[in-house]
Amino acid sequence: MAGVAEALQAIHGAGIVHRDLKPSNVLLAADGPRVIDFGISLASDATSHTATGAAVGTPAYMAPEQASAGEVTAATDIFALGQTAAFAALGEPLYGDGPAVNILYRIVHEEPGLARLPEQVRPLIARCLAADPAERATPAEVVAWCRRRLGRDADAGGGPAVWREVAGPEVAVPPPVPDPTPVHTLPLPTRTEGEPPGAAGPAVAGDPFAPVSPSASVAPDERRSRRRRTAIVVTAAVTAGVLLMAGLAWTVLDGLRSLARVSASSGKPRDTASAPSSAASGHPSSGSSPHPAAKPGAGGRTPEAPSATSTASTEPTAVPYPQQWLDEKNSVSLNEPVDRKDRTGDLRFTCKVAGCALESGTSVIAMRYAKPGASLDDCRLTLRGATSHRLPLAAAAAGSEICVKHPSGTIALLVVQVKSTALPDSGVSFLTADMTVWRAA
């Protein structure tokens, strides 16, 4: 606690509120704890402490004012320090596990259960976890309390000594491995230019790479027999190749002569298409096309017929609208402009004591209970037979998919990102979702 409190003294002294102090943001270094991760930290003199009334932080370690989207001050970090110290003592969050809604409710409305904590630290942690920020201890008071507990050990270096006892002995780093000894191998036998095969020197017994001299293992009669066989095979191969080429040439010439005879008998080139007999009289025959022949365009070229795919119907384009924000003051429309600063859009977010929901005066809404990654066809199937214009959000969570259909045929898919409905009466409940729209679907 003393190490983290000293870190908070430096952080607050620089005019910063951390806002997300928790065990995973305390680095246990060799010389003591260090506070890290200032991703959502805030200047202490900033006028806005949340984004559009949203609570920012980790639910299990929020202060009551942070959970209800109230004013965040340096005292908020002290509340988180008490929770972090309780986690170090218990091995689990002080306010328990479970859905974020339940944890935030316990933080705002219930007293922390300190009976399981060691008796020596209960007074200090209770002071840090006071519901009223003005009643919480300051970082300097936490350090002073810890110094009194350490007594003479605090001035005699007892703090680092205790930390070394907690961290354990320092790990000895072994020296670097020396360079491996190079392995020398015998070079392969080679021969110089002009030397006959097998003149590279005597072969080493058992050497698999030693060259073998053909003359040393084959008799002269055998060599003459091999040369005769090789000559016969080569002669036969050349003769067969010549005969094959002659046959192919004869076939090609015969085909060209036949083509010339057919062309001469027809009196016109083969690549010219004859016009239908009915074209001269202007009356189409029963087997002719009902469309008139296309006239040549500029340069004598005949325009190509329109492609069959140009008239085929295509699926509507999916238009993405990421991070759409819905609360009790705005709405979302399925047509441009999508973001509405009033309540006249197609989708409205309502949150009452009975629960929060999505409502629409024009469109039907349905939740998907299937594998994520819905397509247009998936939403069409989900919306088949749907008639409700209101969808309760009790079962919705991050990643839930909601399909919406407008009377015009436009279909939308909403993928829930954040749902904050823990405090329906506080006026800070909201829903964010990535929306994809298929218009005229």
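Small disclaimer: the values here were computed from a predicted structure and weren't measured. (Residues numbered from 1 in each chain as written. Predicted model: local features only at pLDDT ≥ 70, side-chain atom pairs only at ≥ 80, totals over all residues. Heavy atoms only, no water.)

Peer 1: So what exactly am I meant to see when it comes to the state of the cysteines here?
Peer 2: Each disulfide consists of a covalent bond between the sulfur atoms of two cysteine residues. Inspection of every chain in the model, using the stated rule, returns two disulfides. Here Cys-351 is linked by a disulfide to Cys-356, with a sulfur-sulfur distance of 1.7 Å. Considered together, Cys-351 and Cys-356 belong to a single accessibility category, that of buried residues. Bridging Cys-379 to Cys-403, the disulfide has an S-S length of 2.2 Å. A torsion of -75 degrees about the S-S bond marks the disulfide between Cys-379 and Cys-403 as left-handed. Of this pair, Cys-379 sits in helix H12 (residues 376–383) while Cys-403 sits in strand S12 (residues 401–405), placing them 24 residues apart in sequence. Cys-403 shares its class with Cys-379; the two are buried. (Disulfide = S-S within 2.5 Å. Buried < 20%, exposed > 50% of the residue type's maximum accessible area, 1.4 Å probe, protein only. Helix = DSSP H or I, 4+ residues; strand = E, 2+ residues; numbered from the N terminus.)

Peer 1: Where do I start with the packing of aromatic side chains in this structure?
Peer 2: One pair of aromatic rings is described through two measures. These are the centre distance and the angle between the planes. Tallied over the full model, the rule gives two aromatic pairs. With 6.4 Å between their ring centres and 20 degrees between their planes, Phe-79 and Tyr-95 make a pair best called stacked. Of this pair, Phe-79 sits in helix H3 (residues 74–90) while Tyr-95 sits in the loop between H3 and helix H4 (100–109), and the two are 16 residues apart along the sequence. This pair shows no difference in class: Phe-79 is buried, exactly as Tyr-95 is. The interplanar angle of 10 degrees and the centroid separation of 4.4 Å between the aromatic rings of Trp-325 and Phe-430 together place this pair among those described as stacked. Here Trp-325, found in strand S5 (residues 318–326), pairs with Phe-430, found in strand S14 (residues 430–438); they are 105 residues apart in sequence, far enough to count as distant. Here Trp-325 falls in the partly exposed class, since its relative accessible area comes to 24%. (Phe/Tyr/Trp six-rings, centres within 6.5 Å; stacked < 30°, edge-to-face > 60°.)

Peer 1: Mind showing me how you'd approach H12 here?
Peer 2: Structural remark: α-helix, 3.6 residues per turn; residues separated by three or four positions point the same way. Residues of H12 that are buried: Leu-376, Cys-379 and Leu-383. Take H12 and look down its axis: the buried residues cluster within an arc of 60 degrees, on one side only. At its buried positions, H12 is contacted by strand S10 (364–368), S12, strand S13 (411–420) and S14. (Arc of directions from axis to C-beta. Contact = heavy atoms within 4.5 Å.)

Peer 1: Just checking my understanding: could you explain a nonpolar patch on the surface for this structure?
Peer 2: A surface patch of nonpolar side chains, amounting to about 270 Å² of accessible area, comprises Val-234, Val-238 and Val-242. With respect to the secondary-structure elements, Val-234 resides in helix H10 (residues 220–266). (Patch = residues over 30% accessible without salt bridge, like charges linked within 9 Å, V, L, I, M, F, W, Y side chains within 5 Å. Areas by Shrake-Rupley, 256 points an atom, 1.4 Å probe, with all protein chains shown as cover. Salt bridge = Lys/Arg side-chain N within 4 Å of Asp/Glu carboxyl O.)

Peer 1: What am I meant to see in the sheet that holds strand S7 (residues 339–340) here?
Peer 2: Hydrogen bonds between backbone atoms are what pair the strands of a sheet, whose relative direction is either parallel or antiparallel. With antiparallel pairing, the five strands of this open sheet are ordered in space as S7-S6-S8-S9-S11. One side of each edge strand has no neighbouring strand; the edge strands of this open sheet are S7 and strand S11 (390–392). Of the pairings in the sheet, the one linking strand S6 (residues 331–332) to S7 comprises two bridges and is antiparallel in character. For Val-332, the partnering residue across the bridge sits in S7 and is Asp-339. (Pairing = 2+ DSSP bridges.)

Peer 1: Hey, could you run me through the pattern of salt bridges in this one?
Peer 2: Side-chain pairing between opposite charges can occur once the charged atoms of the two side chains come close. A complete count under the given rule lists eight salt bridges for this structure. Between Arg-390 and Glu-359 there is a salt bridge; the shortest N-O distance is 3.0 Å. Here Glu-359 lies in strand S9 (residues 355–359) and Arg-390 lies in strand S11, a separation of 31 residues in the sequence. The partly exposed category is assigned to Arg-390, whose relative accessible area is 39%. For the salt bridge of Asp-377 with Arg-380, the shortest nitrogen-to-oxygen distance reads 3.0 Å. You can see Asp-377 and its partner Arg-380 sitting in helix H12, three residues apart, about one turn around the helix. Via salt bridges that share partners, Glu-315, Asp-377 and Arg-380 belong to a single interconnected network.

Peer 1: How should I be thinking about the sheet that holds S13 in this particular structure?
Peer 2: If you walk across this open sheet you meet the five strands as S5-S14-S13-S12-S10, and the pairing is antiparallel. The outermost strands of the open sheet, each flanked by one partner alone, are S5 and S10. For this sheet, the mean angle separating the axes of adjacent strands, direction not counted, is 25 degrees. Across five bridges, the pairing between S10 and S12 is antiparallel. Each residue of the ladder has a partner; that of Ala-366, found in S12, is Cys-403. (Axes fitted to C-alpha atoms, helices over the stretch in contact; angles between N-to-C directions.)

Peer 1: Would you mind going over the side chain of Thr-432 with me for this structure?
Peer 2: Along the chain, the position of Thr-432 falls in strand S14. Among residues more than four places away in sequence, those in contact with Thr-432 are Gln-323, Gln-324, Trp-325, Val-415, Val-416, Gln-417 and Val-418.

Peer 1: Please explain the packing of helix H1 (residues 2–13) against H3 as it appears in this structure.
Peer 2: When two helices pack together, their arrangement is captured by the angle between the axes and the distance separating the axes. Contact geometry of H1 with H3 gives a least axis separation of 11 Å together with a crossing angle of 165 degrees. Taken together, the axes of H1 and H3 are roughly antiparallel relative to one another. Judged by the twist between their axes, the crossing of H1 over H3 is right-handed. Two secondary-structure elements touch here, H1 through Val-4, Ala-5, Leu-8 and His-12 and H3 through Ala-74, Asp-77, Ile-78 and Leu-81. (Parallel < 35°, antiparallel > 145°, perpendicular 65-115°, else oblique. Left-handed = near helix turned anticlockwise from the far one by under 90°.)

Peer 1: Would you explain the pairing of S13 in this entry?
Peer 2: Within a regular strand, the side chains alternate between the two sheet faces. Alignment of S12 against S13, held across five bridges, turns out to be antiparallel. Among the inter-strand pairings, Val-404 is bridged to a residue of S13, identified as Ala-412. Count of turn residues in the S12/S13 antiparallel hairpin: five residues, of which Gly-409 carries a positive phi of about 105 degrees. Bridge count between S13 and S14: nine bridges; the pairing is antiparallel. Note that in S14 the partner of Val-415 across the bridge is Asp-434.

Limitation: the analysis is restricted to geometry and does not speak to function.
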